[in-house]
Amino acid sequence: MPDLDEERAYADRCRDALRRMVAGARENVAVGEHTWGDRYTAERLGFYLKTLARDIGEEGDNPPFFGAIAYGAAAGEHSRQRYYLGRRHISDAIGRPPLVIDWRAPVSAAFYQASAVEPRGIDTRRRFGWSANRLTSFEDEHLLSGAPAGDSELVRREIERARVGPMRDIVATIQPEQDTLVRTGLDVSVCIQGAPGTGKTAVGLHRAAYLLYAYRSRLQRNGVLVLGPNRAFLHYISAVLPTLGEVDVEQTTIEQLLDREVRAVDEPAAAAVKHDARMADVLHDAVYRRIGRPDRAVVVADESYKWRVNQHEFAEMVDEIRTEATTYLTGRERLVARIVAALQRQAEARGQNCNGVWLRRMARAVTPYVEEVWPLLKADEVLASLLSDPREATGLTCEEQQAIAWPRPRKAKTARWTAADAVLLDEVGAVLERVPTYGHVIVDEAQDLSPMQCRAIARRSDHNSITVLGDLAQGTTPWAATDWRSQLTYLGKPTAEIVALSTGYRVPATVVELANRLLTALQVEVPPTRSFRSDGELTITHVDDLAAGCVAAVRRALAGEGSIGVIAADHRLPALTDALKATGIEFSAADGDARVTAVPATLAKGLEYDHVIAIEPAEIITAEPRGPNRLYVVLTRAVSRLDVLHHRALPPELH
Ligand SMILES: Nc1ncnc2c1ncn2[C@@H]1O[C@H](COP(=O)(O)OP(=O)(O)OP(=O)(O)O)[C@@H](O)[C@H]1O
């Protein structure tokens with residue numbers, strides 16, 4: 001294997017080749033703008049090139065490769081071959097073997113999966129250490145020698161490094177159990193139950209990148225959707241996929257996906273009913289109840305003739321289509337078409353020429369008859385009518401009907417929709433007509449979704465696969481799942497495989513041990529986390545004044561490195577941020593990028609900070625019905641250090 005100087009020379013050669021690739025591609029864009037006439041493609045390519053240019057130019061901290069594998073003599077087609085692995089494929093000439101192979105290529109899988117027990121023909125696995133953009137070291141594992149490999153120091157250092165800024169990719173250090181999930185085929189739906197910091201989000205994002213590489217043409221049309229819990233989370237993860245060269249993945253929240261202006265908040269009792277699975281039948285009924293029975297025949301005058309479908313035949317058509325239609329509006333269109341076809345048969349029997357113009361005229365003429373029995377509906381009108389008078393919702397109890405009833409009837413135009421209404425509107429919309437689907441959907445923090453939200457996701461992945469990521473112990477919504485099988489059923493994938501991850505890469509062992517003590521209070525069956533990390537620090541301090549204690553803790557934390565997150569019950573946070581402001585400490589909100597971030601407990605999910613200052617656990621517990629779960633989330637955000645400050649008594653589990 002080459003020595004360090006030779007590896008550095010190889011890295012320079014790769015950088016030069018990458019620069020030439022960018023220059024060549026840029027030229028292609030310039031040419032493409034004139035010849036393709038496809039502005040979209042040129043734009044996407046331009047965006048891709050900018051990312052590429054930024055990676056090798058401005059950012060400069062993305063090494064061209066992170067690992068290499070050298071095969072032994074008895075490795076078939078790979079015999080004595082050496083491959084370098086990087087975030088992207090690099091080649092210096094067409095027809096020559098690439099200098100660097102994309103981490104997603106089939107040959108790269110061996111880098112992640114090979115072990116001393118199962119070397120897969122690999123003689124040496126080399127991991128490279130970089131500092132900024134300089135190759136500083138490498139570490140070899142000789143897998144064929146049969147000696148058991150110890151833990152890689154470079155992997156440990158990467159996992160234990162202090163965190164700053166947004167989430168980074170983990171391509172250099174993906175662990176074997178994670179790699180298996182990342183490389184699961186496009187046709188397979190999988191559910192990953194993982195304790196905090198086990199890399200669920202990382203696995204989900206890398207799976208998106210892998211699928212786009214391995215199944216690009218199949219995914220080109222429908223795309224990949226990543227759903228996260230809130231904007232702060234999306235901000236945190238937003239850089240990972242672009243760094244991996246994937247800029248076309250839609251990353252959003254379920255609220256943004258449903259795209260409704262939310263102008264009101266439901267009482268808890270109303271929200272509970274609206275998110276209940278029975279609402280699917282209630283809404284289906286509310287739509288299909290509008291279909292009536294014809295009370296007259298269809299009669300259409302056509303020059304000197306009159307074509308007709310008698311009342312009985314008309315009623316039969318309605319009944320038949322009602323049972324076979326996939327959606328309400330296709331049913332309506334089919335009814336029009338069926339009536340027109342009946343008229344056409346009569347007209348043709350009389351020698352009429354039934355061309356396109358004639359057919360369209362007939363369709364217009366029969367529409368008023370259809371409207372009487374199968375009226376055109378809009379989702380917001382259906383829901384406004386139901387919420388104005390929910391007595392027709394026979395699947396609900398009287399109390400439930402009252403809980404969702406508006407105080408006075410309203411029209412759709414003046415309705416002030418809530419977040420739960422947005423989900424119901426989507427459901428009604430789907431009863432009316434099909435929604436477009438994605439090629440693959442990745443759902444993070446899926447334990448928090450209600451049955452109705454799950455259905456909204458299920459219909460967007462109809463006939464396609466999904467990746468479900470979550471942790472039952474971190475469920476904080478009133479409808480949070482307590483078992484995955486039923487959640488998967490609502491998500492339309494009842495038989496998806498459930499895989500558990502329990503090695504935590506974020507939270508150090510001392511902090512994990514504290515958080516694990518809460519598990520018994522959470523009433524869900526999940527294995528406790530095992531931490532990969534033996535470093536880290538935990539302090540629990542009683543303070544007389546929370547705000548003053550917080551300021552002092554932040555000051556101490558600022559003397560070290562890494563990001564700092566102050567997390568407190570939502571109603572406590574303003575007093576703390578006022579105190580930070582008064583002392584001139586700069587900080588940002590949960591979706592900002594300052595070194596200190598002030599985070600309400602309800603937004604902490606999915607985020608992580610090098611140093612977390614968690615304020616008053618007892619208050620976090622009492623702030624909401626699932627307070628213990630929220631506290632579990634808060635305590636597991638720390639990467640290197642957790643300071644717990646309390647004035648009130650600590651919750652008994654934490655003693
Ligand atoms: N193989 C790995 N190599 C390096 N870092 C890793 C690896 N796996 C996970 N991490 C890091 O551990 C941290 C936690 O990962 P991630 O946020 O994906 O976990 P999670 O299971 O989604 O956690 P939570 O449920 O608490 O949101 C991240 O900083 C991630 O980059």
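Residues numbered from 1 in each chain as written. Predicted model: local features only at pLDDT ≥ 70, side-chain atom pairs only at ≥ 80, totals over all residues.

**Things to note about the site of the ligand**
So, step 1. Looking at the ligand, there are 23 residues lining it, with Thr173, Pro196, Gly199, Lys200 and Thr201 nearest.
So, step 2. At the level of secondary structure, the elements contributing two or more residues to the shell around the ligand comprise helix H4 (153-160) and helix H6 (200-214).
So, step 3. In terms of residues, the shell around the ligand owes the most to one element, H6, which gives three residues.
So, step 4. Counted by class, the shell around the ligand contains seven nonpolar, eleven polar and five charged residues.
So, step 5. Here the shell around the ligand gathers at least three residues from each of two domains, domain 2 (185-264 + 386-501) and domain 4 (509-654). (Near = placed C-beta within 6 Å. Helix = DSSP H or I, 4+ residues; strand = E, 2+ residues; numbered from the N terminus. Nonpolar A, V, L, I, M, F, W, Y, C, P; charged D, E, K, R; others polar. Domains from an automatic or database assignment.)

**Overview of the sheet that holds strand S18 (residues 596-600)**
So, step 1. With respect to topology, five strands assemble into an open sheet ordered S16-S20-S19-S17-S18, the strand pairing being parallel. The strands lining the two open edges of the sheet, one partner per strand, are strand S16 (537-542) and S18. Strand-to-strand twist across the sheet, computed as the mean angle between neighbouring axes with direction ignored, equals 20°.
So, step 2. Here four bridges tie strand S17 (residues 564-568) to strand S19 (residues 609-615), and the two strands are oriented parallel to one another. Each residue of the ladder has a partner; that of Gly565, found in S19, is Val612. (Pairing = 2+ DSSP bridges. Axes fitted to C-alpha atoms, helices over the stretch in contact; angles between N-to-C directions.)

**Quick notes on the environment of Arg163**
So, step 1. Topologically, Arg163 is positioned in the loop between H4 and helix H5 (176-182).
So, step 2. As for Arg163 and Gly86, which are separated by 77 residues in sequence, their C-alpha atoms are 22 Å apart.
So, step 3. With residues up to four places along the chain from it excluded, the contact list for Arg163 reads Gly562, Ser563, Glu608, Tyr609, Asp610 and Val639. (Contact = placed C-beta atoms within 7 Å.)

**A short note on the environment of Ile404**
So, step 1. The topology assignment puts Ile404 in helix H17 (residues 398-404).
So, step 2. Judged by C-beta crowding, with 24 C-beta atoms within 10 Å, Ile404 ranks as buried.
So, step 3. In the structure, Ile404 is positioned 17 residues away from Leu387 in sequence and 6.4 Å away in space, judged by C-alpha atoms.
So, step 4. Here Ile404 is in contact with Ala270, Val273, Lys274, Leu387 and Pro390, once residues within four sequence places are set aside. (Buried ≥ 20, exposed ≤ 12 C-beta atoms within 10 Å, placed from the backbone.)

**Considering the UniProt feature "binding site: ATP" (unreviewed entry) in the chain**
So, step 1. As recorded in UniProt, the sites labelled "binding site: ATP" (unreviewed entry) are Gly194, Ala195, Pro196, Gly197, Thr198, Gly199, Lys200 and Thr201.
So, step 2. Of note, Gly199 is situated in the loop between strand S6 (190-194) and H6.
So, step 3. Sequence-distant contacts of Gly199, that is, excluding residues within four places in its chain, are made with Gln178, Leu501 and Tyr505.
So, step 4. Along the polypeptide, Lys200 turns up in helix H6.
So, step 5. What makes Lys200 buried here is the crowd of 25 C-beta atoms within 10 Å. (UniProt positions renumbered as here; feature names shortened; annotations may be inferred.)

**A look at unusual backbone geometry**
So, step 1. Positive phi, close to 60°, is recorded for Arg80, a residue that is not glycine.
So, step 2. Looking at the secondary structure, you find Arg80 in the loop between strand S1 (67-71) and strand S2 (82-86).
So, step 3. The phi torsion at Glu303 lies on the positive side, around 50°, for a residue other than glycine.
So, step 4. Here Glu303 lies in the loop between strand S9 (298-302) and strand S10 (305-309).

**Brief notes about the domain arrangement of the chain**
Many authors give the size of an interface as the accessible area that is lost as the parts come together.
So, step 1. When the domains of the chain are assigned, the result is domain 1 (4-161), domain 2 (185-264 + 386-501), domain 3 (298-373) and domain 4 (509-654).
So, step 2. Taking only C-alpha atoms, the centre of domain 3 and the centre of domain 4 are 66 Å apart.

**A closer look at H6**
So, step 1. The end-to-end C-alpha distance of H6 is 20 Å, a good match for the 21 Å that 15 residues give at a rise of 1.5 Å each.
So, step 2. Within H6, 13 of the 15 residues are buried, which leaves the element mostly enclosed by the surrounding structure. (Expected span 1.5 Å × (residues − 1).)

**Points about the pairing of S6**
So, step 1. In terms of burial, S6 is a largely internal element, five of the five residues being buried.
So, step 2. Residues of S6 alternate between two faces, with Val190, Ile192 and Gly194 on one and Cys191 and Gln193 on the opposite face, all of them buried.
So, step 3. Across four bridges, the pairing between S6 and strand S12 (residues 465-470) is parallel. Residue pairing for S12: Gln193 is matched across the bridge by Gly470.

**As for the packing of helix H14 (residues 328-349) against helix H15 (residues 356-373)**
So, step 1. It is the contact of H14 with H15, at a shortest axis distance of 9 Å, that shows an interaxial angle of 120°. As judged from the angle between their axes, H14 and H15 are oblique. Taken as a pair, H14 and H15 cross one another with a handedness that is right-handed. Contacts between H14 and H15 pair Arg332, Leu335, Val336, Ile339, Val340 and Leu343 from the former with Leu359, Met362, Ala363, Val366, Thr367 and Val370 from the latter.
So, step 2. Here the contact of H14 with H15 is composed, by residue class, of ten nonpolar, one polar and one charged. (Parallel < 35°, antiparallel > 145°, perpendicular 65-115°, else oblique. Left-handed = near helix turned anticlockwise from the far one by under 90°.)

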